[in-house]
Amino acid sequence: MTYVVTDNCVRCKYTDCVSVCPVDCFYEGENMLVIDPEGCIDCGVCVPECPAEAIFPETPELAKWVEINRKYAKEWPVITKKKDELPEAKEMDGIKQKYENFFDPRNEKK
Ligand code: SF4
Ligand code: F3S
């Protein structure tokens, strides 16, 4: 089991989630965060912190997201401190299919 970051994080990236994670298992891309499924201890405390309600416990329906989280947790740098959300966060909150349309696989160190 793990928790996963899903579609509505894209282009919001509020980052409230990182300040409560006891094991620092969030990783940061240009416009989304992911959770390392190997590091997550399933505590669930990040879920209510996300203003975009983008974090869920793993289920079979979310298998695609588990793999996205797994892949990019290996490629992106860890993030442990909250920072400002993206400037467009409010207007992008709730838009559908953001991953397909807007996801940016780069990370900030490249
Ligand atoms: Fe971190 Fe707990 Fe959220 Fe997993 S469920 S990412 S351990 S805060
Ligand atoms: Fe994303 Fe929500 Fe965290 S929008 S950065 S999962 S607080």
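The rules behind each value
Residues numbered from 1 in each chain as written. Chains lettered and ligands numbered in written order. Predicted model: local features only at pLDDT ≥ 70, side-chain atom pairs only at ≥ 80, totals over all residues. Heavy atoms only, no water. Helix = DSSP H or I, 4+ residues; strand = E, 2+ residues; numbered from the N terminus. Polar contact = N/O pair within 3.5 Å; in protein donor to acceptor, adjacent residues only side chain to side chain. Contact = heavy atoms within 4.5 Å. Phe/Tyr/Trp six-rings, centres within 6.5 Å; stacked < 30°, edge-to-face > 60°. Buried < 20%, exposed > 50% of the residue type's maximum accessible area, 1.4 Å probe, protein only. Near = heavy atom within 4 Å. Nonpolar A, V, L, I, M, F, W, Y, C, P; charged D, E, K, R; others polar. Salt bridge = Lys/Arg side-chain N within 4 Å of Asp/Glu carboxyl O.

Chemist: Please clarify how the side chain of Thr-6 should be interpreted in this entry.
Modeler: Assignment of secondary structure puts Thr-6 in the loop between β1 (3-5) and β2 (26-28). A distance of 2.7 Å separates the side chain of Thr-6 from the backbone oxygen of Ala-54, its partner in a polar contact. If we ignore the near neighbours within four places in the chain, the residues touching Thr-6 are Met-32, Ala-54, Phe-56, Leu-62 and Trp-65.

Chemist: Where do I start with the packing of aromatic side chains in this structure?
Modeler: Centre-to-centre distance and the angle between the planes together describe a pair of aromatic rings. The final tally for this structure, using the stated rule, is 5 aromatic pairs. An angle of 70° between the planes, with centres 5.3 Å apart, marks the rings of Trp-65 and Tyr-99 as edge-to-face. With Trp-65 in helix α1 (residues 63-75) and Tyr-99 in helix α3 (residues 98-102), this pair connects stretches of sequence that are 34 residues apart. Note on accessibility: Trp-65 and Tyr-99 belong to one class, buried. Each ring, one from Tyr-99 and one from Phe-103, has its centre 4.6 Å from the other, and the planes form 40°; the classification is tilted.

Chemist: In this structure, what is going on with the site of ligand 2? I would like to understand it.
Modeler: For ligand 2, the full set of nearby residues is Val-5, Cys-9, Lys-13, Tyr-14, Thr-15, Asp-16, Cys-17, Leu-33, Cys-50, Pro-51, Ala-52 and Ile-55. Class assignment for the residues of the shell around ligand 2 results in 9 nonpolar, 1 polar and 2 charged.

Chemist: Even after reading the chapter, I still don't get the environment of Arg-106, so can you show me in this structure?
Modeler: Here Arg-106 lies in the segment after α3. Expressed as a C-alpha distance, the spacing of Arg-106 and Asn-31, which sit 75 residues apart in the sequence, is 8.7 Å. Beyond its immediate chain neighbours, meaning those up to four positions away, Arg-106 contacts Gly-29, Glu-30 and Trp-76. Side chain to side chain, Arg-106 and Asp-104 meet in a polar contact 2.7 Å long.

Chemist: How should the pattern of salt bridges be read in this particular structure?
Modeler: Oppositely charged side chains are able to pair whenever their charged atoms sit close together. Applying the stated rule across the entire model yields 9 salt bridges. The salt bridge partner of Glu-100 is Lys-64, with a shortest N-O separation of 3.0 Å. Taken as a pair, Glu-100 in helix α3 and Lys-64 in helix α1 lie far apart in primary sequence, 36 residues in all. Glu-100 sits in the partly exposed class, given a relative accessible area of 45%. Residue Lys-64 is classed as partly exposed on the basis of its relative accessible area of 40%. Where Glu-67 meets Arg-70, a salt bridge forms, and the shortest distance between an N and an O atom there is 3.4 Å. Highlighted residues: Glu-67 and Arg-70, both in helix α1, separated by 3 residues, approximately one helical turn. Overlapping salt bridges, with partners in common, bring together Lys-13, Glu-28 and Lys-83 in one network.

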